[in-house]
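Each chain, written out:
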Amino acid sequence: MEKKVDLFMGKFTGYLICTDCDGTLTYEPGKVSDENAQAIKYFQEEGGLFTLATGRFPDHVDLFKDKIQINAPMVSLNGTLLYDIDNGSMIHKWGSPIEQCYELLYYMRESYDNIEDFWVNGVLADGTFGGISYNLSEHSSEQHSLKKALKGFPCEMLKMVVVGNADVILKLQADLKKKFGQRFRFDTSWPEGLEIQSIDSGKGVAVQYMKTHLDTDIHTTIGVGDYENDMTLLECADIGYAVGNAIESVKSIADRVTVSNKEHALAAIINDLERGL
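In short, a report on the structure. Being a predicted model, the structure only gives us computed values, none of them experimental. (Residues numbered from 1 in each chain as written. Predicted model: local features only at pLDDT ≥ 70, side-chain atom pairs only at ≥ 80, totals over all residues. Heavy atoms only, no water.)

1. Some details on helix H9 (residues 265-276)
With twelve residues, H9 extends 17 Å from end C-alpha to end C-alpha; this agrees with the ideal 16 Å at 1.5 Å per step. The complete set of buried residues in H9 reads Ala-265, Leu-266, Ala-267, Ile-269, Ile-270 and Leu-273. (Helix = DSSP H or I, 4+ residues; strand = E, 2+ residues; numbered from the N terminus. Expected span 1.5 Å × (residues − 1). Buried < 20%, exposed > 50% of the residue type's maximum accessible area, 1.4 Å probe, protein only.)

Okay, structure coming up:
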C-alpha cells in the first residue's frame, strides 16, 4: 500500500482506531449511530486513521458506506486477511495449510456424534478469497470424501467457522485447543460460533502488521472489541478498549472499559482520546 502524502497535521495524526463491528461499532447489526458516525468523521478530519476489524469479508464495509468511510486497510476474516479497500487487493494473509485443515475436519467428523449441528465455512487463500458452507454430517469421514467435497480449495485456508449448540461449542473448543492448539486458534465470536484459523493470525496480529510494515506513520493504535475473537486486538493495540457490553474475559484484559455499543461507544472513545491530548 502506497503512503498517502498529507501535509496536514491534525490532533489525531498518527492515531489508528481499529474496531470490531457487531456489538461494538454497531448498535444493531449493520447500523451505526449518528453520534458514532459524526465522531469518526471528526477524528478523520483531524488526521486520524479509522478502520474495521471483523470476522466478515471485506465487502461488509459496504453496509456502512452511507455513514462512515474507512481510511486505512481493513482487518478482515478475523485477522487472517489485511485488505486494501481502495485498490480492491490483498495486502497480507495468514493461512493454514489445507492438509492440516483436513486433519482437523476428520477429527471433528469422527469424534462428535452430533456433528450435524456444525457447519464449516472455508475461505480461499490463493490470491482470491471466497467461501462455502459445508455440513460435515453429509459426508463420510474418509479422507478422499472430504477432499472431494473441498476440492475447490487451494493450498491453504484462512478461516473456518463452526456453528452449533453453545454448550457443545464450548466442549468442542476445549477439545480442539488441547489437540490442535499448537497449529490453530479457536476463538468464539458469539456463543454458538467457533472460529478456527492459523495460530499466528488474529485481529491484533494484523494491526501490528499495519503499524510495523506499512508506511503509514502510525504511532498509537487503539483496538476496540466485545468478544473473545477481539482479545488479540486489545492485547496488541497500544490502547485496548472493551465496550461496556463486552464479555468479562475481554474487560479483564482491556486497558480501558467504555460505554456499551448502544451508548455510542466510538464517540465516547474519541472524546476520551481528545481529553488526553
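There's more to say after this.
2. Some details on the packing of aromatic side chains
For the structure shown, the criterion picks out seven aromatic pairs. Each ring, one from Phe-12 and one from Tyr-15, has its centre 6.3 Å from the other, and the planes form 90 degrees; the classification is edge-to-face. With respect to burial, Phe-12 and Tyr-15 carry one shared label: buried. Measuring from centroid to centroid gives 4.9 Å for Phe-12 and Phe-43, while their planes differ by 40 degrees, and the two rings are tilted. In this pair, Phe-12 sits in the segment before strand E1 (15-19) while Phe-43 sits in helix H2 (residues 34-45), placing the two residues 31 residues apart along the sequence. The burial state of Phe-12 is the same as that of Phe-43; both residues are buried. Grouping aromatic residues by their ring pairs yields a cluster made of Phe-12, Tyr-15, Tyr-42 and Phe-43. (Phe/Tyr/Trp six-rings, centres within 6.5 Å; stacked < 30°, edge-to-face > 60°.)

3. Some thoughts on unusual backbone geometry
For residues besides glycine, phi is generally negative; the peptide bonds are generally trans as well. One non-glycine residue, Asn-78, lies in the positive phi region at around 65 degrees. Locating Asn-78 in the fold gives a position in the loop between strand E3 (74-76) and strand E4 (81-84). Within the chain, His-264 stands out as a residue other than glycine whose phi angle is a positive 60 degrees. Residue classification places His-264 among the partly exposed residues on the basis of a relative accessible area of 27%.

4. Thoughts on the sheet that holds strand E15 (residues 256-257)
Read across the sheet, five strands follow the order E2-E1-E13-E14-E15 without closing on themselves; strand pairing throughout is parallel. Either end of the sheet is taken by a strand with one partner, and the two such strands are strand E2 (49-52) and E15. Of the strand pairs in this sheet, E1 and strand E13 (residues 220-225) are connected by five bridges, and their pairing is parallel. In the strand pairing of E13, Leu-16 is matched with Thr-221. Strands E1, E2 and E13 of the sheet are contacted by helix H6 (residues 203-213), whose axis makes an angle of about 160 degrees with E1. (Pairing = 2+ DSSP bridges. Contact = heavy atoms within 4.5 Å. Axes fitted to C-alpha atoms, helices over the stretch in contact; angles between N-to-C directions.)

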